[in-house]
Amino acid sequence: MTTKVAIAVVGSGPGGLSAAARAAEVGVSHVLLEQTAAHSNTIQKYQKGKHVMAEPNILPLRSPMRFEAGTREKILGEWAEGLTEHKVNIRYGAEVVGISGAKGDFHLKLQDGSEVLAENVILGIGLQGNPRRLGVPGDGLPCVQYTLDDPDEYKDEVIVVVGAGDAAIENAVALAKQNTVYLVNRSGEFSRCKDGNLALILKTIEAGKVTCLYSTQCASLTETPGTVFSLASATAFSIGERPYLLALNTAAGDMQLPCNRIIARLGATPPRKFVESCGIKFPSNDPSSLPVLSTSYESNVPGIYVIGALGGYPLIKQAMNQGYEVVEFIRGNPVAPADEPLLAAKFAGIPGYRSVTETLQAMQQRIPLFTEVNPLMFRELLLGSTIHVLKPDAVVFKRNDYTNSFYTIFNGGVDIQIDDNNPAKRIPLLIGQFFGEMGLLSGRRRTATVLAGKDCVLIETPRRDALKLLSSVDAARAVLDQTFIVRAIQSGFAPQAKTADLLPIAAKSKLNRYKAGQVVFSEGDEADALHLVRSGSLAILHVVGSREIVTSYVAAGNYVGEMGLMGNTRRSATVRATVVTETISLDADAFAELLQKNPALRSELEDTVRQRIASNTRLQGQDNAGALISFLLKQGLGEATDVLLIDETLCVGCDNCERACAATHGGTSRLDRAAGPTFANVHVPTSCRHCEDPHCMKDCPPDAIRRSPNGEVFVGDNCIGCGNCERNCPYGVIQLAGPPPEQPSLASWLMFGSQKENVFGEVQGLGRKHHHHDHGHGAPKAMKKAVKCDMCKGQDGGPACVRACPTGAALRVSPEEFVTFVQQEASRF
Amino acid sequence: MHESMLDYAQRRYLKIAIALCALSIVAYAWHDPLSPPNGGTWLGYTLGGIGAALILWLTALGVRKRSYSSALGTLRGWTSAHVYLGLALIVVATLHTGFQFGWNLHTLCYVLMLFVIGSGIFGVIVYLRYPQAMSANRAGTKPDVLLEEINDLDQRSLRVANEMPRRFGDVLRANREGTRVGGSTRAILGGLDFSTINLPAAGGSQAVPNPEQAALLDWLGAELARSTDGELTKRIGDLLSVVATRRNQLRRLRRDAQIRGWLEIWLYVHVPVTLALIGTLIAHVVSVFLYW
Ligand SMILES: Cc1cc2nc3c(=O)[nH]c(=O)nc-3n(C[C@H](O)[C@H](O)[C@H](O)COP(=O)(O)OP(=O)(O)OC[C@H]3O[C@@H](n4cnc5c(N)ncnc54)[C@H](O)[C@@H]3O)c2cc1C
Ligand code: HEM
Ligand code: SF4
Ligand code: SF4
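Residues numbered from 1 in each chain as written. Chains lettered and ligands numbered in written order. Predicted model: local features only at pLDDT ≥ 70, side-chain atom pairs only at ≥ 80, totals over all residues. Heavy atoms only, no water.

Trainee: Before we go on, may I ask you to explain the overall build of chain B in this structure?
Mentor: For chain B, the count of helices and strands is 10 helices and 2 strands. Projected onto its principal axes, the C-alpha positions of chain B cover 95 × 45 × 30 Å. Buried positions account for 46% of the 292 residues belonging to chain B. For chain B, the share of sequence-separated contacts (at least 6 apart) that also reach a separation of at least 24 residues comes to 70%. As presented, chain B carries roughly 14,700 Å² of accessible surface, and 64% of it is formed by carbon and sulfur atoms. Across chain B, 28 positive and 20 negative side-chain charges occur, with their mean positions spaced 6 Å apart. (Helix = DSSP H or I, 4+ residues; strand = E, 2+ residues; numbered from the N terminus. Buried < 20%, exposed > 50% of the residue type's maximum accessible area, 1.4 Å probe, protein only. Contact = heavy atoms within 4.5 Å. Areas by Shrake-Rupley, 256 points an atom, 1.4 Å probe, with all protein chains shown as cover. Lys, Arg positive; Asp, Glu negative; His and termini not counted. Charge placed at Lys NZ, Arg CZ, Asp CG, Glu CD.)

Here is the structure:
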């Protein structure tokens, strides 16, 4: 029987380490339980030599452990020293699988069956989760691994990679260079990977470099007993060379595969299930929602505290500070959080400011949207937000600016100018209300200009923090959705109507969510509703014979299906979502009510109908237009706000566009002209689409990816190089790049073409390969940061690529110009 | 949106160039100097000044092309103006000479200028014609993909050859060694195939030319004719089809290099001759003022 400790810390990441070290420092009995064989597994898994950043820079560190920006090795070394120095009681290989009991008497069950008793528990298990195990007899053998650091480490081995996602594919391809690789895919195809990886693996398999076993499952793993004779693998192995034997169930029957190593890339089980099994509640089913915590990081189970990434704080320094603070809280020694001075500085300018706590409370009282939010999360929200104290008539934002934030009114009010031609026409919003939700929910441009009123104090919350709030607080989400619908109807159909009058109509309308490719309605269906596209976009198509011909495309902010409600009762075309899309649908009843409110609406809609019919027939006349639209939509134009296209009938391949990009961006081109697909003379180079709702922004720990008012999506200096954005971008346009290559000498600058190889130096024999895009340039991995197109924001004259193209081949197209562009191009091939 | 450099801004610079030419011609026709027309009259000086300024400005395109952060117009606008005003230079400079040619520095300067202009005209023609041809030849893929495909084809044929008598593998490896795409400027621009292959011959092997994989296809054909073993015959058939595909891909690759070669080669004349032109132009101006 073990003795009971005051604090059991689960997980030795930066959060857990710091907590345990603080407990050790002040002599509180404790144990630190780590499931792996080394501390800080998440950081151990970073790439070798990675430069770890200490964001946010302004936040002071509060921990007995040292931490400042440096290489992974240095930081891990310092923490190891810290563990010894403070005599932290750490237990390795101690995976906690269950927690029961109550404050003062918790029982922590470990994987090996033993138990640890503790009065309090600190959960710092991060978000990485546990890699899914092979789950077959023998998966504990040392030849099974769940990660791959350096594929070049292995040579001449037989390696079995299990899995069909991006990680499995990338590993298999990388290993195939020096090894015999089998890829075990449970299903008959690859459906869970990026398009680029799909093409890559199919090609590698076809070339015979990787053998893919489809519809196959692992059955068991054993160490090779003496001699093996394997017919199935049809490869002659000398005994002892392949020390393990993997039994597989394939579609064709059972098979035995002698091998050296098994790399299972089956994804990770998110820690949520484990956390819930401890009794901790999550406010919603949204996978990104976070557990509810008090200001002392205590969960709804008294005595269990949650810190670090698991609690929604995705950076190392935050986790370490919380580790320190939480121990102080448990010791009954309330400390002001380390971020207190930051908040104080933020609030100092507010007229009548007294203290951080009071201000936070006042905000939650005055702003209904925030009332339900738990105080800890609210604090975090404010840390990310900016406070604006504005003079009357100061511009908050302008119509058509792009959005990355959401505003709430803490004091005074604002005026919304809905009509540019009539600036006097204003809708007032008052204390406690919010605005900017349109952009937040749809990633669209601002629909109106907003001016400050009297005594105006605003809270501007960046997109990411606002979305975090919405995913965790259902009530806030509901309020926002409702308001969005009312305002969308108001600005789209009834600018004259009063908000209150529209409420009943809004109540009748529905919010619909479609997956990419999902049908909204089909040709011939009964027309029952009109759809206003809130985010994403729709393709309109006709089915001719067995073919689908796309005839038009509807961007967010526009509507479809109005023809049906105007008299035609059957749908005249099929409408399909091009990307994840949300629409607001109004049924016939609601629509009739709207017509009553705005008699001019009918003729407005008739106009739209007429225009759409005209454009449809024009495109239908052009056989290729539909095919071109389909192609471009597949390349992400359905969610693009600005995309670089190359007209191949004009491009001479001089690559001046790329050179211009490199020259204006510290030496690394963010554009790969030659890469990317081509259809009918239109080439889509590998370059950012500046998506409406950028995938890359979703998961950036320091919130370094931002969107400027003009719409450019760019990476800020505080990027920590974690690679999440690179993985999240479906178009492969983000690279992690080191410092740029050396500039060419003056002489080679003058000798044209010498900055990049030209055709005369390039093709000779087959031995030489195209080494066009060596973006890394041999730079140490340490300094890599995400780089991507920022549309030359901040430079005069617009994007350098377009400005530097001598022939007019490089063009940038926005959704508004999309259809015109297609018409023009289609008429030429 | 599709607008070539010639169509830029509704051909604004074409109009300017025509106006410049017309003005020069009218002035030349009206002007009635005492001596026969030459560079030394007031009109001669004016035209000479305009011509020299034009040449310097035309040369400045090379600088503008590399001033990537310059917001001074777009490169397309510059190139459009460059082409039209460069052509106008023919008229301006010719009138400046007053048709007084001789074996001297001045005429050399003029001839060099014509060379630059001639190469420029050639450049515009290839810029307008070849991109489309290149795009059509590539048919959606690109050279590095083609190269990889060829590599894959080779791997595939070598795997087939593994199951065959040794000479097949040897010949295929020799073919890989001997395959050439481009190589010399002549080969690139002519789209010529200087590939060779080592084929088994009496008492060893012998290198023979293998354009369009012809020698290899021949050799395989002969093996096929000679083969009596059904399995082997089938494999040779497989090899033949792989090699034929390989030939087609190589052809496309060569055509691609050829087009890209032509798109680039003229600049190797245009720019160095420009530099020579600037040199002689300076000499021309200096000598005129010194020895006048
Ligand atoms: C590639 C990459 C680069 C990054 N770069 C930076 C950077 O430069 N700067 C920065 O500030 N942040 C960076 N981050 C974010 C940072 O790593 C995390 O915010 C931080 O690690 C979170 O710390 P944590 O203590 O909450 O959890 P983690 O560090 O995830 O630690 C959790 C620990 O708990 C253990 N564990 C899990 N479950 C159990 C269990 N049931 N029983 C026992 N132990 C368990 C794990 O093995 C692990 O050791 C990066 C993240 C990634 C993925
Ligand atoms: C004396 C007259 C001319 C001079 C001095 C001159 C000079 C130059 C120079 C220095 C460049 C830059 C090349 C580079 O850096 O890559 C250039 C490019 C070019 N010139 Fe001329 N030029 C002249 C006339 C012409 C004429 C008459 C034409 C066409 C009819 C022409 C067509 C071009 C074109 C198409 C380019 C290429 C632009 C590019 O690819 O970036 N030039 N010229
Ligand atoms: S980087 Fe990728 S996800 Fe982000 S905006 Fe650009 S194309 Fe979209
Ligand atoms: S600058 Fe223009 S012509 Fe040159 S490679 Fe880029 S798109 Fe093609």
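Trainee: Looking at this model, I keep getting lost on the domain arrangement of chain B. Mind explaining?
Mentor: Many authors give the size of an interface as the accessible area that is lost as the parts come together. All names here are of chain B. What the domain assignment lists for chain B is domain 1 (5-138 + 265-291) and domain 2 (143-263). When each unit is reduced to the centre of its C-alpha atoms, the spacing between domain 1 and domain 2 is 48 Å. In this complex, domain 1 contributes 11 residues to the contact, which on the side of domain 2 involves 11 residues. For the pairing of domain 1 and domain 2, the buried interface totals around 1,100 Å² over both sides, and the portion due to carbon and sulfur atoms is 64%. Summed over the shared surface of domain 1 and domain 2, the result is 1 salt bridge. Between R138 and D256 there is a salt bridge whose closest N-O contact spans 2.7 Å. Across the domain 1-domain 2 interface, the total number found is 5 residue pairs in polar contact (both at pLDDT 80 or more). Looking at the side of domain 1 that touches domain 2 element by element, the count peaks at 9 residues for helix α4 (residues 105-138). When the residues that make up the side of domain 1 that touches domain 2 are grouped by side-chain class, the tally is 9 nonpolar, 1 polar and 1 charged. (Domains from an automatic or database assignment. Buried area = accessible area lost by both parts, 1.4 Å probe. Salt bridge = Lys/Arg side-chain N within 4 Å of Asp/Glu carboxyl O. Polar contact = N/O pair within 3.5 Å; in protein donor to acceptor, adjacent residues only side chain to side chain. Nonpolar A, V, L, I, M, F, W, Y, C, P; charged D, E, K, R; others polar.)

Trainee: Where do I start with the interface of chain A and chain B in this structure?
Mentor: The interface is formed by 54 residues belonging to chain A together with 50 residues belonging to chain B. Overall, the association of chain A and chain B removes approximately 4,500 Å² of surface from exposure, summing both partners, and the carbon and sulfur fraction of that is 60%. There are 3 salt bridges connecting chain A and chain B. A salt bridge links A:K203 to B:E148; the shortest N-O distance between them is 2.5 Å. The tally of links between chain A and chain B comes to 9 residue pairs in polar contact (both at pLDDT 80 or more). Elements supplying a minimum of two residues to the side of chain A that touches chain B: α5 (195-206), α20 (656-664), α23 (759-762), α24 (800-803), β43 (810-813) and α25 (815-826) of chain A.

Trainee: Just checking my understanding: could you explain a nonpolar patch on the surface for this structure?
Mentor: On the surface, B:I282, B:V286, B:L290 and B:Y291 cluster together to form a nonpolar patch covering roughly 480 Å² of accessible area. The residue B:Y291 is located in the segment after α10 (267-290) in this model. (Patch = residues over 30% accessible without salt bridge, like charges linked within 9 Å, V, L, I, M, F, W, Y side chains within 5 Å.)

Trainee: Looking at this structure, I do not really get the site of ligand 4. What am I missing?
Mentor: What surrounds ligand 4 is a group of 14 residues, the closest being A:C651, A:C654, A:D655, A:C657 and A:C805. For the shell around ligand 4, the per-class residue count stands at 9 nonpolar, 3 polar and 2 charged. (Near = heavy atom within 4 Å.)

Trainee: Would you mind going over the coordination of the iron atom of ligand 2 with me for this structure?
Mentor: Expected angles at a metal are 109.5 degrees for tetrahedral coordination by four donors and either 90 or 180 degrees for octahedral coordination by six donors. Residues and elements named next belong to chain B. In this structure, H82 (NE2) and H270 (NE2) serve as the protein donors to the iron atom of ligand 2, at separations of 2.0 Å. Geometry at the iron atom of ligand 2 is octahedral, judged from the 6 donor atoms that bind it and their angles of 84 to 178° at the metal. In this pair, H82 is assigned in helix α3 (residues 75-97) and H270 in helix α10, connecting sequence segments 188 residues apart. Take H270: its relative accessible area is 12%, and that puts it in the buried class. (Donors = N, O, S within 2.8 Å, 3.2 Å for Na, K, Ca; no water. Tetrahedral: all angles 85-135°; square planar, octahedral: opposite > 155°, others 65-115°.)

Trainee: Looking at this model, I keep getting lost on the sheet that holds strand β33 (residues 559-560) of chain A. Mind explaining?
Mentor: Backbone-to-backbone hydrogen bonds join strands into a sheet, with any given pair of strands oriented parallel or antiparallel. Residue and element names in this part refer to chain A. The 4 strands lie next to each other as β28-β35-β30-β33, forming an open sheet whose pairing is antiparallel. Bordering the open sheet on either side are β28 (510-514) and β33, each of which pairs with just one other strand. Relative to strand β35 (residues 581-587), β28 runs antiparallel, the two sharing 5 bridges. Paired with Y514 across the strands is T581, a residue of β35. In this fold helix α14 (residues 474-493) packs onto β28, β30 (529-535), β33 and β35, with an angle of close to 115° to the strand it touches most, β30. (Pairing = 2+ DSSP bridges. Axes fitted to C-alpha atoms, helices over the stretch in contact; angles between N-to-C directions.)

Trainee: When you look at the site of ligand 3 in this model, what are you seeing that I'm missing?
Mentor: As a matter of local geometry, ligand 3 sits amid 13 residues, with A:C688, A:C691, A:C696, A:C729 and A:K788 nearest to it. Among the residues making up the shell around ligand 3, the classes are represented as 9 nonpolar, 2 polar and 2 charged.

Trainee: Is there a simple way to think about the nonpolar core in this case?
Mentor: Here is a general trend for soluble globular proteins: nonpolar side chains tend to be buried in one another's company. All names here are of chain A. Residues W79, I99, L108, I122, L123 and I304 are the most contacted members of the largest nonpolar core, which totals 59 residues. Beyond its immediate chain neighbours, meaning those up to four positions away, W79 contacts P14, L17, H39, S40, I43, M65, R66, F67, I316 and M320. Core analysis: the next-biggest nonpolar cluster, separate from the first, contains 55 residues, I459, V473, L502 and L595 among them. (Core = buried A, V, L, I, M, F, W, Y, C linked by side-chain atoms within 4.5 Å.)

Trainee: Would you mind showing me how to read unusual backbone geometry here?
Mentor: Glycine aside, residues mostly have negative phi angles, and peptide bonds mostly take the trans form. Backbone geometry places A:N681, a non-glycine residue, at a positive phi of 75°. Note that A:N681 resides in the loop between β37 (678-679) and β38 (682-683).

Trainee: Just to check I follow, could you spell out the pairing of strand β7 (residues 105-110) of chain A for this structure?
Mentor: Looking along a regular strand, one sees side chains alternate from face to face of the sheet. Residues and elements named next belong to chain A. Side chains F106, L108 and L110 of β7 all project onto a buried face; the interleaved residues D105, H107 and K109 project onto a face where none is buried. Where strand β6 (residues 96-102) folds back on β7, the antiparallel hairpin that results is connected by 2 residues, among which G104 adopts a positive phi of roughly 95°. With 4 bridges connecting them, β7 and strand β8 (residues 115-123) associate as antiparallel partners. Opposite H107, over in β8, you have L117 as the bridge partner. Turn length for the β7-β8 hairpin, with the two strands adjacent in sequence and antiparallel, is 4 residues, and the turn residue G113 shows positive phi of about 95°.

Trainee: Just to check I follow, could you spell out helix α17 (residues 588-597) of chain A for this structure?
Mentor: All names here are of chain A. Taken together, the buried positions of α17 are A590, F591, L594 and L595. The buried residues of α17 all sit within an arc of 145° when viewed along its axis, so they share a single face. Residues of α17 that are exposed and angled more than 90 degrees away from the buried face: D589 and Q596. (Arc of directions from axis to C-beta.)

Trainee: I'm lost on the domain arrangement of chain A in this one. Help?
Mentor: Here the domain parsing of chain A yields domain 1 (4-128 + 270-330), domain 2 (144-267), domain 3 (340-476), domain 4 (504-623) and domain 5 (641-738 + 781-813). The C-alpha centroid of domain 5 of chain A is placed 35 Å from the C-alpha centroid of domain 2 of chain A.

Trainee: How do you make sense of the packing of aromatic side chains when you look at a structure like this?
Mentor: Any two aromatic rings considered together are summarised by their centre-to-centre distance and by the angle between their planes. As enumerated under the stated definition, the model contains 18 aromatic pairs over all chains in all. With 5.8 Å between their ring centres and 70° between their planes, A:F190 and A:Y214 make a pair best called edge-to-face. On the criterion of sequence distance, the pair formed by A:F190 in the loop between β12 (180-184) and α5 and A:Y214 in the loop between β13 (210-213) and β14 (217-223) is long-range, its members being 24 residues apart. Here B:F101 and B:Y110 contribute two aromatic rings whose centre-to-centre distance is 5.2 Å and whose plane-to-plane angle is 35°, an arrangement assigned as tilted. A residue is classified by how much of its surface remains accessible, and B:F101, at 45% relative accessible area, is partly exposed. Linked through ring pairs, A:F397, A:Y407 and A:F435 together constitute an aromatic cluster. For the cation-ring pair, A:K50 lies above A:Y46, with the distance from its terminal atom to the ring centre recorded as 5.2 Å. Above the ring of A:F410, the side-chain terminus of A:R366 is found at 4.3 Å from the ring centroid. (Phe/Tyr/Trp six-rings, centres within 6.5 Å; stacked < 30°, edge-to-face > 60°. Lys NZ or Arg CZ within 6 Å of the ring centre and 35° of its normal.)

Trainee: Honestly, the pairing of β35(A) in this entry has me stumped. Any pointers?
Mentor: Residue and element names in this part refer to chain A. A large share of β35 lies buried, amounting to 6 of its 7 residues. Note: β30 against β35, 6 bridges, orientation antiparallel. Counterpart to V533 in the pairing with β35 is T583.

Trainee: Please explain the environment of A:T686 as it appears in this structure.
Mentor: All names here are of chain A. Tracing the sequence through the fold places T686 in the loop between β38 and β39 (705-707). A C-alpha to C-alpha distance of 5.8 Å links T686 and A675, two positions 11 residues apart in sequence. When near neighbours in sequence (up to four residues on either side) are disregarded, T686 contacts R670, L671, D672, A675, G676, Y731, G732 and V733.

Trainee: Would you mind showing me how to read the packing of α4(B) against helix α9 (residues 230-265) of chain B here?
Mentor: To describe two helices that pack against each other, one gives the angle between their axes and the distance between the axes. Residue and element names in this part refer to chain B. Packing of α4 against α9 brings their axes to within 9 Å, and their N-to-C directions diverge by 160°. Considering the angle they form, α4 stands roughly antiparallel to α9. The two elements α4 and α9 meet at a crossing, and its hand is left-handed. Only R252, R255, D256, I259, R260, W262 and L263 of α9 make contact with α4, whose side of the interface consists of F122, V126, Y127, Y130, P131, A133, M134, N137 and R138. Among the residues forming the contact of α4 with α9, the class breakdown is 10 nonpolar, 1 polar and 5 charged. (Parallel < 35°, antiparallel > 145°, perpendicular 65-115°, else oblique. Left-handed = near helix turned anticlockwise from the far one by under 90°.)

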